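Residue-level structure breakdown
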Amino acid sequence: MTISYNWLCDYLPEAIEPEKLSKILTSIGLEVESLEKYESIRGGLAGLVIGEVLETSQHPNADKLKLTRVNIGAAEPLQIVCGAANVAAGQKVVVATIGTTIYPVTGDPMTMKLAKIRSVESQGMICAEDEIGLGTSHEGILVMPADAVVGSPAADYFKPYADWIYEIGLTPNRMDAMSHYGVARDVCAYLTHHITETRVKTPFTNGFSVDNTSLPIKVTIENTEACQRYAGVSISGVTVGESPKWLKDRLVAIGLRSINNIVDITNFILHETGQPLHAFDADAITGGEVIVKNLASGTPFVTLDEKERKLDAEDLMICNAKEGMCIAGVFGGLKSGVTAATKNIFLESAWFHPVSIRKTSVRHELRTDAATRFEKGVDISNTVNVLKRAALLIKEIAGGSITSEIMDVYPSPRPRTEVSLKNHYLKKLSGKNYHADAIKRILISLGFEIVREGLDELRVAVPYSKPDISIPADIVEEILRIDGLDNIEIPATITISPAVEALGQKEALKDKIATYLVGQGFTEILTNSITNSKYFDEEVLAVTVKMINNLSEELNVLRPSMLETGLESIAYNLNRRNQNLRFFEIGKTYLTRAVGDYVETEHLCLYITGNDHEDSWREKSRSNDFYRLKGLATALFHLSGIGNLQFEKADGDGLVLNLVSGKKQVGKLMQVPAGKLQAFDIKQPVFVLDIEFGSLLEAVSQNRIRYREVNKFPVMQRDLAMVVNRGISFDQIEQAVKKLKLPRLQEMRLFDVFESEKLGADKKSMAISFLFADEEKTLTDKEVDAMISKLVQGFEKDLAAEIRK
């Protein structure tokens, strides 16, 4: 759910600082997942001023450059070198002075500095519209109207819109908070409980009146179960056109596209109140009658996106006397939609059954904002109020007259749900004693009505805006929310019953690995297991678990691999200039072998990109690479008590190694292919370690822990350098050493690789340290030399190595 800070503050008595408001929202259960600055023009034109070109002359050292003197209202004019062909004396222009940062439409921001251009000093820049984010033209400098005030900030003239945008993680039951007004109501309830009585500013006024009744539209509901209330009003003589700036700013800030003033108003009302509306071209309503009914299965219907859809018998339709006009609560029809030529409209506000809307929306794969709200339930009592609010806005912005009475068909008015709450039950669930006045104050501020108050019981009528509330536990939740979920009291003592934890080893291993990785500078991430099918080819999609009732087109499959969601997180951070990243995640992937036959696999994934550490006075930064992650893989398996890890080259191209333990593949180490990185607009190398956690856990469970005394005898070290074929890997050297079965060899480490033409064609030198020790005695030089001799013989035989003296 996207919420605009400026818009939300319209309904609060006083503005609250964005960060403070964020904490309040999270405290009352509207978890703020992100808070980001929004600017209609990047940088907000900060530092840019209006100037006047006093004179121009030819640059002495360049034919295509001109010298200008520009008055910006300072004591002295600025000398600016300009390359635009259209610059001329007397023009009003936009000037970026020294120290100002400009934000082009494309490219990175640029800060103005005192510069010499062809040996002539330039004290700023006269800007083109694309250089400051005002447009895309670069044909010349932006010439301002004559009334622009010299020396005034450019922001005062163009008035760029700035806002703060909240992304709220809304739970499915909170339809009452799917609007700015609903969120404001919760905030005011919080302020009332914690600070002072605060009332939300209502957008609804009493200024509605009918101008005449020249365009009456009859409304008939045939399916009263799927449509329990339908209201409408006619507005004649409207002018369909561009929306005013304030309306476009509000919609664009929350990610909506401005279409025209009529459609924008319905979208504005939707996000203001949570009530979807639909505007019909009244001249397309054949017979002057709106009928809410179902049509025969298979009936063709062309929607606003110009696609023909076959209707199902369960699809609720808004029809005229001749044909269907709109899929109720989901999507409009092509023939009855508002166009630039529309002069008369019929505005609809209704309550449709959530189950009916949900089924139709999923059936036709039309996941619209309107359907999302109807399927969660809207406030049936507010249907007419919202309609009047929208009609007045249309009359104000698009002109016209209200030319019918409000047609409100409500066959069976709904009674309000009543719930009783006992004090001891509230204390039992919340663990807290609330004063009776505090309980009433919270509930009344949320729209509840006190029906009856007893010694140990409170009976309330639930507002229609909260259809999910039906039992006492729901009331307790509301009280806890407004009191603040972070204010829930923790008992001084907690009593538990000892139990055997079936998943103890698994969770202990996860904790052990996570602790180690955090110590290595990694950050744990948690990504969505539902992802976008566009990331995968047809071969992968053939075994991918597809979502039937997906909430959006972008989230339509369960992920078949961890890589793509990890790359999303990396791309998100890189776009915010976090270049040096080390992430890890423990998550699951999903595949299907047949209908109803699913495979769920748990993974441990590591992602590294950028530099290993930042520059310091002692040490320069180093880039993360494949071998850094290979070392981490070895360390993780040693940490888990597994010492038989091997790396095998995977089939195909690219830098990919399979991790093998006990002849079983347990993971994969890879550099992400360039094509995959390009799909996420990542321009730097990324390295990934993917371990099947189940296989790792199985290897750990089979491993027997043995304790032994720390060796008290010294370790002997010998270094050996040898020339081998360039294609020989260190893994092959390790295998050759293992064949010799030297029990006193404790460890071997590669410390140098050298390539030179002097070594021979396709040759390289590898230098290795060998550590020897005996747990029962001190080794002699003779014994160590004997083992080195065996190693040399083995290398010469198996690898055709030449030992360097």
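Before going into details, it helps to say that this report is about the structure given with it. Predicted model only: the values in this text are computed from it and were never measured. (Residues numbered from 1 in each chain as written. Predicted model: local features only at pLDDT ≥ 70, side-chain atom pairs only at ≥ 80, totals over all residues. Heavy atoms only, no water.)

Description of the overall build of the protein chain
A tally of regular secondary structure across the protein chain gives 20 helices and 41 strands. Since a compact globule built from 805 residues should have a radius of gyration of about 28 Å, the 35 Å found for the protein chain marks it as more spread out than a globular shape. Reported as C-alpha extents along the three principal axes, the dimensions of the protein chain are approximately 115 × 90 × 60 Å. In the protein chain, which comprises 805 residues, the share counted as buried stands at 47%. Considering only intrachain contacts with a sequence separation of at least 6, the fraction spanning at least 24 residues in the protein chain is 69%. When the accessible surface of the protein chain is totalled, it reaches about 41300 Å², and 50% of it is carbon and sulfur. (Helix = DSSP H or I, 4+ residues; strand = E, 2+ residues; numbered from the N terminus. Rg over C-alpha atoms; globule rule 2.2 N^0.38 Å. Buried < 20%, exposed > 50% of the residue type's maximum accessible area, 1.4 Å probe, protein only. Contact = heavy atoms within 4.5 Å. Areas by Shrake-Rupley, 256 points an atom, 1.4 Å probe, with all protein chains shown as cover.)

A closer look at helix α16 (residues 626–639)
The end-to-end C-alpha distance of α16, which contains 14 residues, comes to 20 Å, matching closely the 20 Å that a straight helix rising 1.5 Å per residue would cover. Along α16, the residues that are buried comprise Phe-626, Leu-629, Leu-632, Ala-633, Leu-636 and Phe-637. Buried residues in α16, looked at end-on, bunch into an arc of 135 degrees, giving them a common side. More than 90 degrees from the buried face of α16, the exposed residues found are Tyr-627 and His-638. (Expected span 1.5 Å × (residues − 1). Arc of directions from axis to C-beta.)

Side note on helix α18 (residues 693–702)
Three or more residues of α18 are buried, namely Phe-693, Ser-695, Leu-696, Leu-697 and Val-700. The secondary structure elements touched by the buried residues of α18 are α13 (504–519), β33 (597–609), α16, β36 (664–671) and β37 (686–692).

Let's talk about the packing of helix α5 (residues 245–253) against helix α6 (residues 261–273)
Relative to each other, α5 and α6 sit at 50 degrees, their axes nearing to 10 Å. With respect to α6, the element α5 is oriented oblique. Of the two elements, α5 crosses α6, and the hand of that crossing is left-handed. Of α6, the residues touching α5 (which contributes Trp-246, Leu-247, Lys-248 and Leu-251) are Asn-261, Asp-264, Ile-265, Asn-267 and Phe-268. Considering only residue class, the contact of α5 with α6 consists of 5 nonpolar, 2 polar and 2 charged. (Axes fitted to C-alpha atoms, helices over the stretch in contact; angles between N-to-C directions. Parallel < 35°, antiparallel > 145°, perpendicular 65-115°, else oblique. Left-handed = near helix turned anticlockwise from the far one by under 90°. Nonpolar A, V, L, I, M, F, W, Y, C, P; charged D, E, K, R; others polar.)

As for the nonpolar core
Counting residues in each nonpolar core, the largest one holds 72 residues, and the members touching the most others are Leu-25, Ile-394, Ile-475 and Ile-479. Contacts of Ile-475, omitting those with residues within four sequence positions, involve Val-419, Leu-421, Leu-443, Phe-448, Val-460 and Ile-469. Listed in part, the 35 residues of the second largest apolar core include Leu-215, Tyr-230, Ile-327 and Phe-352. (Core = buried A, V, L, I, M, F, W, Y, C linked by side-chain atoms within 4.5 Å.)

Examining the sheet that holds strand β28 (residues 457–461)
Spatial strand order, β26-β28-β27: 3 strands in an open sheet with antiparallel pairing. Two strands close off the open sheet at either side, each with one partner strand: β26 (418–422) and β27 (449–453). For this sheet, the mean angle separating the axes of adjacent strands, direction not counted, is 25 degrees. Relative to β28, β27 runs antiparallel, the two sharing 4 bridges. Looking at the pairing, Ile-450 lines up with Val-460 of β28. Against the sheet, helix α11 (residues 436–445) engages β27 and β28, with an angle of about 5 degrees to β28. (Pairing = 2+ DSSP bridges.)

Structural notes on the environment of Val-462
Along the chain, the position of Val-462 falls in the loop between β28 and α12 (472–483). With a relative accessible area of 3%, Val-462 lands in the buried category. A C-alpha to C-alpha distance of 6.1 Å links Val-462 and Arg-416, two positions 46 residues apart in sequence.

Quick notes on the pairing of β36
For a regular strand, side-chain orientation follows a simple rule: the groups alternate between the two sheet faces. Sheet topology note: the strand β35 (residues 656–661)/β36 ladder contains 6 bridges and is antiparallel. Its bridge partner lying in β36, Val-660 is registered against Gln-665. Where β35 folds back on β36, the antiparallel hairpin that results is connected by 2 residues, among which Gly-662 adopts a positive phi of roughly 60 degrees. Bridge analysis of β36 against β37 gives 5 bridges, and the strand direction is antiparallel. Paired with Gln-671 across the bridge in β37 is Phe-687.

Looking at the packing of helix α4 (residues 180–194) against α11
Between α4 and α11, the shortest axis-to-axis distance is 9 Å and the interhelical angle comes to 160 degrees. If you check the angle between α4 and α11, you find them roughly antiparallel. When the axes of α4 and α11 are compared, the crossing they make is right-handed. Packed against α4, whose contacting residues are Arg-185, Ala-189, Thr-192 and His-193, the element α11 presents Ala-438, Arg-441, Ile-442 and Ser-445 at the interface. By residue class, the composition of the contact of α4 with α11 is 3 nonpolar, 3 polar and 2 charged.

Here's the deal with the pairing of strand β40 (residues 763–772)
The buried count for β40 comes to 9 of 10 residues, which makes it a mostly enclosed element. In terms of strand pairing, strand β38 (residues 716–725) meets β40 through 10 bridges, oriented antiparallel. Looking at the pairing, Arg-718 lines up with Phe-770 of β40. The pairing of strand β39 (residues 745–754) with β40 spans 8 bridges and is antiparallel.

Concerning the pattern of salt bridges
Applying the stated criterion across every chain yields a total of 50 salt bridges. Across the pair Asp-10 and Arg-250 runs a salt bridge, and its minimum N-O distance is 2.7 Å. Taken as a pair, Asp-10 in the loop between α1 (5–9) and α2 (18–27) and Arg-250 in helix α5 lie far apart in primary sequence, 240 residues in all. Owing to a relative accessible area of 14%, Arg-250 belongs among the buried residues under this scheme. Asp-762 is the partner of Arg-726 in a salt bridge, and the nearest nitrogen-oxygen pair spans 3.9 Å. One end of the pair, Arg-726, is in the loop between β38 and α19 (730–740); the other, Asp-762, is in the loop between β39 and β40, with 36 residues separating them in the sequence. When its relative accessible area of 41% is taken as the criterion, Arg-726 is described as partly exposed. Through salt bridges with shared partners, one network takes in Arg-174, Asp-176, Asp-186, Lys-466, Glu-478 and Arg-481. (Salt bridge = Lys/Arg side-chain N within 4 Å of Asp/Glu carboxyl O.)

These results come straight from atomic positions and should not be treated as a statement about function.
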